[in-house]
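As a plain string of letters, each chain reads:
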Amino acid sequence: MMKRKIALVLAVLMISTLIASCGSNDVVSTTTSPAATSTAGTDTTPAPNGGTEGTDSVGFDAGIIAPAELPHGTDNLAVTADGKLKYEISDIGYPLESYEYELPLTTNTANEKFTLSKLIFASQLIGEDGLNAMPWQTWLRDNTGVNIDYRITTFNDIATQIQLDLAADQLDDIILDLTVYYSGTPKELVDQKYIVNIADYRAYMPDMMWQIPRFDFDVDLEQYYWYDKETIPTIYCMTENSAPNMGMMIRGDYLDTLGLKAEDLVTYDQIHDALTRIQTELSWEHPMQITATIETLAGVFFGGMNTSEAISTTVMTAIRVENSKVVYTATEDVDRQAMELLSTWYAEGLVDPNYLSNATDTAGAEARVLNGEIAYWESNPGTSISTARRSVDPNARWDGMPLNKLTPETKFQYARGQRPWGMAYSVWSINAKCENIPLVLTYADWFFSSEGSFQASFGVEGITWVADEKGNPVLTDLAINDETGGWLLDTYAGGPFSDVGLMDQMRSYAYPEGQRGVAIMKSWVVDNYPFKGGMDWPSSNAKGTDEETLEVANLSADALMYINENYMQFIDGTRPMSAWDDYVAGLDGVGLPRIKQIMQSIYDRFIAEYPDYAQK
């Protein structure tokens, strides 16, 4: 109990998520297709290190609940009553194809109820009878047979809620984002019996396990799941039809007036000239919006300088790897160049001076966006389509911008904000005290199947979608005319911030006007852009020891406070650029050299163990 209390105290130090979040393995290269070796109907369970393991009953020796213990009414799990797999696996332990479940998953609904928190970003959507009575939640209960009791939480409340639940040892059966807001390692949560080691129960998750090696464009995804060769602590939300979901946008109708085209505005100088013309010729005083974090995602605007200026109040600035040397953004000479550019634009009045009130891409600035005063911002296609529709100007149109470059010849090496991830944001862990772990894991796995993925992505037919003449899903007026800024589907269906499974990223554009969103995302993709990112830190793979994690977390708290107190002052000239060297010297005084030394050791160990990582 004392160890748990200490862990809870450390949770508030949630600084270095790059070390403490997820881990690595050498299970199988994501670019290699598993050999097709049939094992259906046998006593074989997938092995985390490749190969297979024979057992008397599926996974019994690996810790999976013995068949005799399977609860009544769960005949439709992927494991037979006598303990055999209902699907084939390869010789390295992954299922050979997607598994299709029969519904309901259970008929024992009267006696079983599981708790799960769901992030809600638009509470006005919830009816009088609460979230449990909403259409999608009702459909899931009626069709899967699994009875979920939802707890509503918000982005502002979830960290506190998790800490309180952890302190009281009263975590949900399905725990949302526990590993995100816990400063220790996921392995620690497994070892202390807070959460289940899903690797021990993976026979019940054929669809998730089938999806993992399929995303060969995301070099991190497989190792996000496998913390080490024996541990899968969490279930992530994956994204089908992955593409960059955030980028820079500009008012295309303004460019039409000026005789310009978004695709021609490639360099920072060209963007500067276009914004200056919008300011002077169209009389919009501050056409560019930044946020209180400068960038919302690392490198979205400053990727053309191969760095990031995303400044959080809770998480240390991003790590870059330059010629195998670990450095932090907002600390190097390239960051000085980035701030010189931004401060110059600010001095010219191009940047909205109220940026500190803009917590996200619309918060605090929506009125100016809708009034047309903002002409250049970082956003996602869905939000831009929604704000254009709601704009006071009926001709409002947002065009996606090519990735910014210093010169037309710039080669991108830092991919962070423009990388098409195979995963979304939400993470589920399963409470080790849950009374029916096989069913809960089967329920989670169903969302990775073709039927479950579709339902999570689009919701209930007739409410959020209908079929067109070709049978393709088309969003209804309810979903299209969303006045919440794009959050309706996250409540009326699955959401990448709350749910797991395979979420189709194209769902937000399943209507005629939505093709603009697809075009916007395509504008962010260029032939010579290495999305894997040669300067990217292997975020899921390289992790430190408990001692390293704690030391970096402690040191990062001071360094981050120093950055927040000083770095932003360069924007408005409160701190002149001539004081840059003093700023860097101050970072040395709050422990940055030691942080980099530890992170360099972690990186070097990782590369020594996985030398082919950079080539993936």
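The present account deals with the structure reproduced in this document. This structure is a prediction, so every number in the text was calculated from the model and none was measured.

All right, on to the pattern of salt bridges then. Oppositely charged side chains are able to pair whenever their charged atoms sit close together. Inspection of the entire model under this criterion finds 23 salt bridges. Close ionic contact of glutamate 332 with lysine 596 constitutes a salt bridge, the shortest N to O distance being 3.9 Å. Residue glutamate 332 is located in the loop between strand S9 (325-328) and helix H10 (333-347), and its partner lysine 596 is located in helix H20 (residues 592-609); the two are separated by 264 residues in the primary sequence. Taking relative accessible area as the criterion, lysine 596 reaches 21% and is therefore assigned partly exposed. Between arginine 390 and glutamate 366 there is a salt bridge, with its nearest N and O atoms 3.5 Å apart.

Look at the link from leucine 103 to proline 104: it is a cis peptide, with omega at 0 degrees. Mapped onto the elements of the fold, proline 104 is located in the loop between strand S2 (52-54) and strand S3 (114-119). The phi angle at aspartate 177 is positive, at roughly 60 degrees, despite the residue not being glycine. Tracing the chain through its elements places aspartate 177 in the loop between strand S5 (174-176) and helix H5 (186-191). For asparagine 323, which is not a glycine, the phi torsion comes out positive at approximately 55 degrees. Along the chain, the position of asparagine 323 falls in the loop between strand S8 (319-322) and S9. Of the residues examined, asparagine 323 reaches a relative accessible area of 75% and is grouped as exposed.

Attention now moves to the packing of aromatic side chains. Going through the model one piece at a time under the given rule, you end up with 29 aromatic pairs. Ring geometry for phenylalanine 301 against tryptophan 345: centres 5.9 Å apart, planes inclined by 70 degrees, an arrangement best described as edge-to-face. Remark: tryptophan 345 occurs in helix H10 and phenylalanine 301 occurs in the loop between helix H9 (268-281) and S8; sequence separation between them is 44 residues. Relative accessible area serves as the criterion here: at 4%, phenylalanine 301 is assigned to the buried category. Relative to phenylalanine 497, the ring of tryptophan 487 lies with its centre 5.6 Å away and its plane at 65 degrees, an arrangement referred to as edge-to-face. Of this pair, tryptophan 487 sits in the loop between helix H15 (477-480) and helix H16 (488-492) while phenylalanine 497 sits in the loop between H16 and strand S15 (501-504); the two residues are 10 residues apart in sequence, bridging distant segments of the chain. Take tryptophan 487: its relative accessible area is 26%, and that puts it in the partly exposed class. For phenylalanine 497, a relative accessible area of 25% translates into the label partly exposed. Cluster of aromatic residues (ring-pair linked, three or more members): Trp136, Trp139, Trp428, Tyr443, Trp446 and Phe447.

Moving on: the sheet that holds strand S11 (residues 398-400). Spatially, 3 strands are ordered S10-S7-S11 in an open sheet, and the strand pairing comes out antiparallel. Two strands in the sheet have a free side with no partner beyond their single neighbour: strand S10 (376-379) and S11. Pairs of neighbouring strands in the sheet enclose a mean axial angle of 40 degrees, with direction left out of account. Relative to S10, strand S7 (residues 247-251) runs antiparallel, the two being bridged by 4 bridges.

Here we take up helix H12 (residues 381-390). Of all 10 residues that make up H12, 7 are buried, and the element is covered over most of its length. Where H12 is buried, its residues touch S7, helix H11 (366-371), S10, S11 and helix H17 (515-523). With a side-chain oxygen lying 3.1 Å from the backbone nitrogen of glycine 382, the N-terminal cap of H12 falls on asparagine 380.

So, about the nonpolar core. Counting 106 residues, the largest nonpolar core has Met208, Tyr225, Ile235, Trp428 and Tyr443 as the members making the most contacts within it. Of the residues forming this core, the biggest block, 7 residues, is contributed by helix H13 (residues 437-446). When neighbours within four sequence positions are excluded, isoleucine 235 is seen to be in contact with Ile198, Met205, Met208, Tyr225, Ser426, Val427, Trp428, Ile430, Leu441, Ala444, Phe448 and Val500. Listed in part, the 63 residues of the second largest apolar core include Val300, Phe302, Tyr346 and Val351.

On to H13. Across the 10 residues that make up H13, a large majority, 10, are buried. Taken together, the buried positions of H13 are Ile437, Pro438, Leu439, Val440, Leu441, Thr442, Tyr443, Ala444, Asp445 and Trp446. Where H13 begins, the side chain of asparagine 436 points an oxygen toward the backbone nitrogen of leucine 439, at a separation of 3.2 Å.

Thresholds, definitions, all that
- Residues numbered from 1 in each chain as written.
- Predicted model: local features only at pLDDT ≥ 70, side-chain atom pairs only at ≥ 80, totals over all residues.
- Heavy atoms only, no water.
- Salt bridge = Lys/Arg side-chain N within 4 Å of Asp/Glu carboxyl O.
- Helix = DSSP H or I, 4+ residues; strand = E, 2+ residues; numbered from the N terminus.
- Buried < 20%, exposed > 50% of the residue type's maximum accessible area, 1.4 Å probe, protein only.
- Phe/Tyr/Trp six-rings, centres within 6.5 Å; stacked < 30°, edge-to-face > 60°.
- Pairing = 2+ DSSP bridges.
- Axes fitted to C-alpha atoms, helices over the stretch in contact; angles between N-to-C directions.
- Contact = heavy atoms within 4.5 Å.
- Polar contact = N/O pair within 3.5 Å; in protein donor to acceptor, adjacent residues only side chain to side chain.
- Core = buried A, V, L, I, M, F, W, Y, C linked by side-chain atoms within 4.5 Å.

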